[in-house]
Amino acid sequence: MADEEDLGDMPRVVGVLSALLERVTERNDSAAELAVALAAAPASAFRATTKPDISVRAYMSRIARFAGCSPSCYVVAYIYLDRFLRRRRAPSVDSYSVHRLLITAVLAAVKFMDDICYNNAYFAKVGGVSLPEMNYLEVDFLFAVGFDLNVSPETFGHYCAVLQSEMLCLELERAPPAPARLHCCLADQDDTAAATSSSCTQHQLAA
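Structure report, in brief. This structure is a prediction, so every number in the text was calculated from the model and none was measured.

**With respect to the nonpolar core**
Of all hydrophobic cores here, the largest spans 53 residues; its most connected members are Ile 63, Tyr 74, Phe 123 and Phe 141. Excluding its chain neighbours within four sequence positions, the residues that come into contact with Phe 123 are Ala 67, Cys 69, Ile 103, Val 106, Leu 107, Val 110, Tyr 118 and Met 134.

**Examining the packing of aromatic side chains**
In the structure shown here, the tally under the stated rule is six aromatic pairs. Taking the centre distance of 5.2 Å and the plane angle of 70° together, the rings of Phe 46 and Phe 84 count as edge-to-face. Here the residue Phe 46 occupies a position in the loop between helix 3 (34-40) and helix 4 (56-67), and Phe 84 occupies one in helix 5 (residues 71-87), the gap between them amounting to 38 residues. Each member of the pair, Phe 46 as well as Phe 84, carries the same accessibility label: buried. Aromatic pair Phe 46 and Phe 141: ring centres 6.4 Å apart, planes at 65°, arrangement edge-to-face. Highlighted residues: Phe 46 in the loop between helix 3 and helix 4 and Phe 141 in helix 8 (residues 131-144), separated in sequence by 95 residues. For the pair formed by Phe 46 and Phe 141, the shared burial category is buried.

Reading the values: the criteria
- Residues numbered from 1 in each chain as written.
- Predicted model: local features only at pLDDT ≥ 70, side-chain atom pairs only at ≥ 80, totals over all residues.
- Heavy atoms only, no water.
- Core = buried A, V, L, I, M, F, W, Y, C linked by side-chain atoms within 4.5 Å.
- Buried < 20%, exposed > 50% of the residue type's maximum accessible area, 1.4 Å probe, protein only.
- Contact = heavy atoms within 4.5 Å.
- Phe/Tyr/Trp six-rings, centres within 6.5 Å; stacked < 30°, edge-to-face > 60°.
- Helix = DSSP H or I, 4+ residues; strand = E, 2+ residues; numbered from the N terminus.

Here's what the structure looks like:
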């Protein structure tokens with residue numbers, strides 16, 4: 001499992017998309033109404049009865065390693081997921097549904113984007129589902145998005161910008177904290193100037 005967690009040799013979009021989906025999944029899992037929502041949720045082929053043991057990051061790494069998709073497929077899969085969630089009373093993206101949604105969106109994207117791709121039987125093995133289930137998930141997903149698979153250059157660019165913003169946020173989160181500075185014998189005016197500078201910086205960050 002450890003090797004599947006390593007996304008260092010994968011396209012950067014894979015790591016960014018997995019981080020985004022992980023955050024959405026964690027947020028929905030920790031929602032106060034989760035227990036009620038699960039009990040009231042309509043039956044869906046995308047919702048598992050138990051949480052899969054594999055993490056979103058490891059699952060994404062597995063898809064990237066074995067599916068052979070072009071990097072653009074992951075952006076398109078992200079677009080399809082957004083369309084799916086907007087156009088129907090879809091299951092929330094949580095630990096019970098994220099894996100099936102992800103493998104189905106990637107399958108749809110690679111068939112639309114790439115000239116050569118693996119068949120459903122292969123994707124079923126990669127995704128850890130049966131072939132009949134993979135076929136059903138694909139059909140359900142396509143009907144849910146109204147077979148709207150075309151992505152304009154403008155739409156593609158917009159979602160790329162969203163993922164780039166997510167990537168910048170991740171890099172800021174991983175950046176080491178600035179080393180502590182030792183201040184000795186500061187004059188009163190230096191203290192005032194430093195406080196003013198700090199206040200200005202906080203206002204800029206808030207903006």
